[in-house]
Amino acid sequence: MVDYHAANNQSSGGGPPTYMEQENDWDRDLLLDPAWEKQQRKTFTAWCNSHLRKSGTQIDNIEEDFRDGLKLMLLLEVISGERLPKPERGKMRVHKINNVNKALDFIASKGVKLVSIGAEEIVDGNAKMTLGMIWTIILRFAIQDISVEETSAKEGLLLWCQRKTAPYKNVNVQNFHISWKDGLAFNALIHRHRPDLIDYDSLRKDDPVTNLNNAFEVAEKHLDIPKMLDAEDIVGTLRPDEKAIMTYVSCFYHAFSGAQKAETAANRICKVLAVNQENEQMMEDYEKLASELLEWIRRTIPWLENRTQEKTVQDMQAKQEDFRDYRCVHKPPKVQEKCQLEISFNTLQTKLRLSNRPAFMPSEGRMVSDINGAWHTLEGAEKGYEEWILSEIRRLERLEHLAEKFHQKAAIHESWTDGKEAMLTQKDYETSTLSEVKALLRKHEAFESDLAAHQDRVEQIAAIAQELNELDYYDSASVNARCQKICDQWDVLGALTQSRKESLERTEKQLESIDELYLEYAKRAAPFNNWMEGAMEDLQDMFIVHNIEEIQGLITAHEQFKSTLAEANKEREAIQAIQAEVQKIAQSNGIKLSGSNPYTTITPESIDNKWEKAMDMVPQRDNALQDELNKQNSNDTLRAKFATQANTVGAYIQAKMEEIGRISIEMNGTLEDQLTSLKDYQTTIMSYMPEINTLEGYHQLIQEALIFDNQYTSYTMEHLRVGWEQLLTTIARTINEVENQILTRDAKGISQEQLYEYRASFNHFDKKRSGQMVSDDFRALLISTGNSLGDSEFARIMSIVDPNGSGAVTFQAFIDFMSRETTDTDTADQVIASFKILAGDKNFITADELRRELPPDQAEYCIARMAPYTGPDAAPGALDYMSFSTALYGESDL
């Protein structure tokens with residue numbers, strides 16, 4: 001058995017007995033009083049459970065449940081907040097004694113003088129010793145630290161009760177027994193601090209049971225003070241137990257003494273939360289604007305990437321007009337929104353640095369870099385869409401030309417084949433004379449020659465149809481059907497021709513007479529007639545050119561064609577001479593001609609008529625080619641106008657981009673003067689907008705004229721649009737940087753001279769004059785300002801000025817760092833300490849405590865964002881205020 005009595009006498013040194021020693025002596029005289037023991041059991045049991053429930057346990061029998069020492073050690077850990085030695089988990093008596101001794105050793109280490117209390121008595125369930133030990137613990141951890149005007153614990157608690165109940169009638173607190181029997185003192189304490197819970201004027205001194213029950217029930221329900229006594233225990237005793245009453249009253253003291261601290265803590269939290277709510281609203285606005293802009297880009301890109309082909313040039317030109325409307329009407333507001341988004345992001349980051357908050361990191365996919373990337377993708381889609389429209393217009397023009405050419409050749413061929421099947425299937429040779437059969441045979445040979453001459457046209461028709469299919473012509477079905485019909489008919493004609501030839505050859509033995517001249521005429525007239533038809537087709541052929549070189553090539557080819565007309569005319573005259581020779585021989589020999597050449601349907605008159613028509617078409621072709629040459633000359637003039645204006649605008653944009661770069665580095669005067677100068681400069685830049693509009697007008701004329709290249713300039717309208725937008729964005733960004741510097745100067749109290757000094761130092765080490773410097777140059781800058789830096793300290797500073805790890809430090813980040821070290825700002829530790837006060841020194845806080853101490857909107861703000869507390873001392877509804885406070889400032893502040 002461990003005897004603490006000797007140690008107690010030795011430490012007291014023979015001086016006057018302390019209050020605690022007197023109380024122990026008084027205890028030994030009253031231990032046998034049943035009423036006293038009953039009150040102490042109830043009070044001490046309830047007091048112990050009020051702490052043990054924080055660890056999810058309780059006791060039912062005070063002398064039995066502490067016998068193994070486990071819950072006793074747990075109770076001491078909860079009320080002290082310290083860890084005791086690891087308990088022994090065995091069931092033997094020696095294990096229990098060792099656990100109790102560990103608890104008693106811990107109590108003694110706190111300066112408590114234990115008198116005749118040993119581990120064996122506690123393990124044996126000695127009620128006297130167990131209650132005495134619990135009272136010693138209550139004195140040390142619940143009453144000893146109470147001090148009012150330098151009084152002792154008991155006197156301080158009594159003085160506090162007297163002052164709090166002084167204004168109330170029928171209440172006169174002089175001790176911790178008789179003064180509390182009627183229950184009015186308990187109700188007065190509650191009403192003094194929480195008048196909303198007690199209707200004091202309705203209480204009667206002659207009804208102590210009602211008074212006591214009312215106070216105990218209100219304290220348990222609203223103040224988290226467990227009911228430690230029954231009203232009947234107090235009223236039915238001549239003199240209530242002093243220790244029980246003191247224990248009960250100390251709970252009221254601890255419940256109310258922190259009210260002022262809670263109010264102060266609540267005010268600090270309100271201030272911090274107000275700043276955080278404002279920043280979160282800005283973050284929400286940024287996220288919303290970023291989401292809307294990205295959604296617009298997401299919806300626009302599929303439209304720009306849509307390559308649905310149209311059937312006609314007019315339909316594609318309508319798409320081109322829609323694209324021009326998008327460029328001039330829909331896109332410019334989005335350019336402004338993108339610029340405003342960057343400005344809002346920079347302003348938010350500045351406010352976060354000034355309020356000692358971590359840098360804002362937008363949600364995934366909504367960083368400024370993400371938006372710039374999406375914007376770049378949008379502009380790429382624009383360029384691709386514009387190029388596709390122009391290429392589609394060229395393709396459709398080619399298709400329309402080929403389709404017209406196909407139908408023209410098909411019509412000529414169908415006209416030629418009309419009636420040929422009937423001619424090839426007739427049986428006229430069966431009743432003809434020999435001379436007539438020979439004539440029919442030679443006529444058939446001439447037809448075969450004509451048929452062979454038309455083979456090229458059929459192949460041309462098939463080739464054109466194939467090209468229309470490859471170019472995805474919208475009416476390919478009808479073209480294919482017509483082409484197939486022509487090919488099928490051509491095969492039939494070939495078969496019929498062969499069949500008729502074989503029939504004529506079978507009768508040729510009986511036929512000898514033949515007219516050589518007619519045959520020669522037919523053989524020479526057919527190719528010549530076919531040549532004339534081909535020439536007429538070429539003279540009527542449509543053409544599409546895009547520059548002077550192409551039209552000059554067509555003119556050259558036409559001149560070459562005209563140079564062959566003399567030779568062709570000689571052939572025509574030779575053919576006509578054959579016919580004349582026929583007439584001469586017939587007249588000379590008295591032959592009566594049947595009228596027409598039996599070997600061909602091509603008459604001299606038809607040859608002359610076609611020749612005249614072809615000769616009429618030659619000057620018409622000359623005029624058409626000359627008109628196109630004039631048009632291409634006009635287009636070349638338009639190219640030169642656009643190039644002159646584009647070269648001027650491009651040089652202007654390049655010069656202004658370089659100039660704004662110098663201005664952002666070399667600005668002098670006050671920040672307000674710099675801001676005014678930049679805005680005036682911005683106005684000057686915007687006055688150049690009419691030149692951009694003039695260039696847009698030239699560009700529209702070029703597109704309407706279907707001009708696709710320009711050898712006079714390297715600039716395109718797309719390049720100049722992008723350069724102009726970049727110039728406007730750079731000016732707006734520079735203005736925003738100066739506004740943020742003004743915001744920093746006003747918030748940090750930086751003088752204009754300090755800003756000049758900061759700017760001069762920064763520019764000196766900004767070797768590239770880019771407005772930002774790498775880490776080595778920044779380190780040299782800090783050393784020049786008198787800072788002695790180690791690697792770890794420099795790494796800490798870089799994490800502040802470059803939170804995103806980009807490797808570059810801006811001037812704004814530099815002046816933020818130079819001013820932030822001396823600024824008094826709230827920290828995460830201060831906020832955690834404030835929450836700890838509101839929570840009654842617990843490691844967690846409840847929703848009811850937040851609603852009681854904070855304004856409603858900020859209380860609900862905290863409740864919605866605090867995670868459930870999961871520590872070993874967690875209680876139902878516990879919230880983790882430490883993680884919440886850490887999140888307000890970021891991990892680096894802790």
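Residues numbered from 1 in each chain as written. Predicted model: local features only at pLDDT ≥ 70, side-chain atom pairs only at ≥ 80, totals over all residues. Heavy atoms only, no water.

1. Brief notes about the overall build of the protein
Moving on, step 1. Helix and strand counts for the protein stand at 34 helices and two strands.
Moving on, step 2. Across the 894 residues of the protein, 45% fall into the buried class.
Moving on, step 3. When contacts within the protein are restricted to residue pairs at least 6 apart in sequence, long-range pairs at least 24 apart make up 75% of them.
Moving on, step 4. Here the protein displays about 44500 Å² of accessible surface, and carbon together with sulfur accounts for 50% of that area. (Helix = DSSP H or I, 4+ residues; strand = E, 2+ residues; numbered from the N terminus. Buried < 20%, exposed > 50% of the residue type's maximum accessible area, 1.4 Å probe, protein only. Contact = heavy atoms within 4.5 Å. Areas by Shrake-Rupley, 256 points an atom, 1.4 Å probe, with all protein chains shown as cover.)

2. Brief notes about unusual backbone geometry
Moving on, step 1. One non-glycine residue with positive phi stands out, namely Asn 170, at about 65°.
Moving on, step 2. Within the fold, Asn 170 resides in the loop between helix H9 (153–165) and helix H10 (184–193).
Moving on, step 3. Of the residues examined, Asn 170 reaches a relative accessible area of 46% and is grouped as partly exposed.

3. A look at the packing of aromatic side chains
Note on aromatic pairs: each is described by the distance of the centres and the angle between the planes.
Moving on, step 1. Taken as a whole, this structure holds 29 aromatic pairs when the rule is applied.
Moving on, step 2. Geometrically, the ring pair formed by Tyr 168 and Tyr 200 is edge-to-face, given 4.9 Å between the ring centres and 65° between the ring planes. On the criterion of sequence distance, the pair formed by Tyr 168 in the loop between H9 and H10 and Tyr 200 in the loop between H10 and helix H11 (208–222) is long-range, its members being 32 residues apart.
Moving on, step 3. Residue classification places Tyr 168 among the buried positions, given a relative accessible area of 13%. (Phe/Tyr/Trp six-rings, centres within 6.5 Å; stacked < 30°, edge-to-face > 60°.)

4. Topic: the nonpolar core
Moving on, step 1. Judged by nonpolar contacts, the single largest core of 78 residues is most densely connected at Trp 47, Ile 137, Trp 180, Phe 186 and Phe 252.
Moving on, step 2. Per element, the largest residue contribution to this core is 11 residues, and it comes from helix H8 (residues 127–143).
Moving on, step 3. Setting aside residues up to four positions removed in sequence, Phe 186 forms contacts with Trp 180, Leu 212, Ala 215, Phe 216, Ile 245, Tyr 248, Val 249 and Phe 252. (Core = buried A, V, L, I, M, F, W, Y, C linked by side-chain atoms within 4.5 Å.)

5. Some details on the packing of H9 against H10
Moving on, step 1. As a packed pair, H9 and H10 sit with axes 9 Å apart at the nearest point and diverge in direction by 70°. It follows from the interaxial angle that H9 and H10 lie roughly perpendicular. Across the interface between the two elements, Trp 160, Arg 163, Lys 164 and Thr 165 of H9 pack against Ala 185, Ala 188, Leu 189, Arg 192 and His 193 of H10.
Moving on, step 2. Counted by class, the contact of H9 with H10 contains four nonpolar, two polar and three charged residues. (Axes fitted to C-alpha atoms, helices over the stretch in contact; angles between N-to-C directions. Parallel < 35°, antiparallel > 145°, perpendicular 65-115°, else oblique. Nonpolar A, V, L, I, M, F, W, Y, C, P; charged D, E, K, R; others polar.)

6. Considerations on the packing of H8 against helix H13 (residues 242–257)
Moving on, step 1. Between H8 and H13, the shortest axis-to-axis distance is 11 Å and the interhelical angle comes to 25°. Considered as vectors, H8 and H13 are oriented roughly parallel to each other. Both H8 and H13 take part in a crossing whose hand is left-handed. Seen from H8, the contacting residues are Trp 135, Ile 138, Ala 142 and Ile 143; seen from H13, they are Lys 243, Met 246, Thr 247, Ser 250 and His 254.
Moving on, step 2. The class makeup of the residues in the contact of H8 with H13 is five nonpolar, three polar and one charged. (Left-handed = near helix turned anticlockwise from the far one by under 90°.)

7. Points about the environment of Ile 117
Moving on, step 1. Considering the arrangement of structural elements, one finds Ile 117 in the loop between helix H6 (93–109) and helix H7 (119–123).
Moving on, step 2. On the basis of relative accessibility, which here comes to 5%, the residue Ile 117 falls in the buried class.
Moving on, step 3. On a C-alpha basis, the gap between Ile 117 and Lys 128 in space is 9.5 Å, while along the polypeptide they are 11 residues apart.

8. So, empty space enclosed by the protein
Moving on, step 1. The final tally for this structure, using the stated rule, is three cavities of 30 Å³ or more.
Moving on, step 2. Looking at the largest cavity, its volume works out to about 60 Å³.
Moving on, step 3. Looking at the largest cavity, the residues that line it are Met 423, Gln 426, Asp 428, Leu 440, Lys 443, His 444, Phe 447 and Arg 500.
Moving on, step 4. Here the lining of the largest cavity takes four residues from helix H18 (residues 434–470), the largest share from any one element.
Moving on, step 5. Here the lining of the largest cavity is composed, by residue class, of three nonpolar, two polar and three charged. (1 Å grid on protein atoms, 1.4 Å probe; cavity = no way out; pocket = protein on both sides within 12 Å on 5 of 7 lines; lining within 4 Å. Points joined across faces, edges and corners; volume = space filled by probe spheres on them.)

9. Describing helix H15 (residues 313–354)
Moving on, step 1. Compared with an ideal rise of 1.5 Å per residue, which puts 42 residues at 62 Å, H15 spans 60 Å between its outermost C-alpha atoms and is within 8% of the ideal.
Moving on, step 2. Within H15, the axis deviates most sharply at Lys 331, by approximately 45°, and proline Pro 332 lies no more than four positions further along.
Moving on, step 3. Among the residues trailing H15, Asn 356 stands out with phi positive, at a value near 65°. (Expected span 1.5 Å × (residues − 1). Bend = angle between axes of the 7 residues up to and from the residue.)

10. Quick notes on the pattern of salt bridges
Moving on, step 1. The tally for this structure, following the rule as stated, stands at 51 salt bridges.
Moving on, step 2. Lys 205 serves as the salt-bridge partner of Asp 182, at 2.5 Å between the closest nitrogen and oxygen. Highlighted residues: Asp 182 in the loop between H9 and H10 and Lys 205 in the loop between H10 and H11, separated in sequence by 23 residues.
Moving on, step 3. Taking relative accessible area as the criterion, Asp 182 reaches 12% and is therefore assigned buried. (Salt bridge = Lys/Arg side-chain N within 4 Å of Asp/Glu carboxyl O.)

11. Brief notes about the side chain of Asp 873
Moving on, step 1. As for its position among the elements, Asp 873 is in the loop between helix H33 (856–865) and helix H34 (881–889).
Moving on, step 2. One buried charged residue, Asp 873, remains without a salt bridge, the closest side chain of opposite sign being Lys 836 at 7.7 Å.
Moving on, step 3. Looking at Asp 873, its side chain comes within polar contact range of the side chain of Tyr 869, at 2.8 Å.
Moving on, step 4. Leave out the neighbours within four places in its chain, and Asp 873 touches Lys 54, Asn 843 and Phe 844. (Lys, Arg positive; Asp, Glu negative; His and termini not counted. Polar contact = N/O pair within 3.5 Å; in protein donor to acceptor, adjacent residues only side chain to side chain.)

12. Considerations on the side chain of Gln 40
Moving on, step 1. Secondary-structure assignment places Gln 40 in helix H3 (residues 34–52).
Moving on, step 2. With residues near it in sequence (within four places) discarded, Gln 40 still touches Thr 45, Leu 131, Asp 241 and Lys 243.

13. Things to note about the environment of Phe 884
Moving on, step 1. With respect to the helices and strands, Phe 884 occurs in helix H34.
Moving on, step 2. Judged by its relative accessible area of 6%, Phe 884 is buried.
Moving on, step 3. Placed 56 residues apart in sequence, Phe 884 and Ala 828 show a C-alpha to C-alpha distance of 9.5 Å.
Moving on, step 4. Apart from the residues within four sequence positions on either side, Phe 884 is in contact with Leu 273, Phe 835, Tyr 861, Cys 862, Arg 865 and Met 866.

14. Describing the confidence of the model for the protein
Close inspection of predicted coordinates is inappropriate for parts of the model with low pLDDT.
Moving on, step 1. Counting all residues, the mean pLDDT for the protein is 80, and 89% of those residues have values of 70 or more.
Moving on, step 2. In this model residues 1–32 is a low-confidence stretch, pLDDT under 50, and it forms 51 contacts with partners more than four residues away in sequence or in other chains.
Moving on, step 3. Segment residues 510–514: pLDDT under 50, and 15 contacts once partners within four positions in sequence are set aside and those in other chains are kept. (pLDDT = per-residue confidence, 0-100.)

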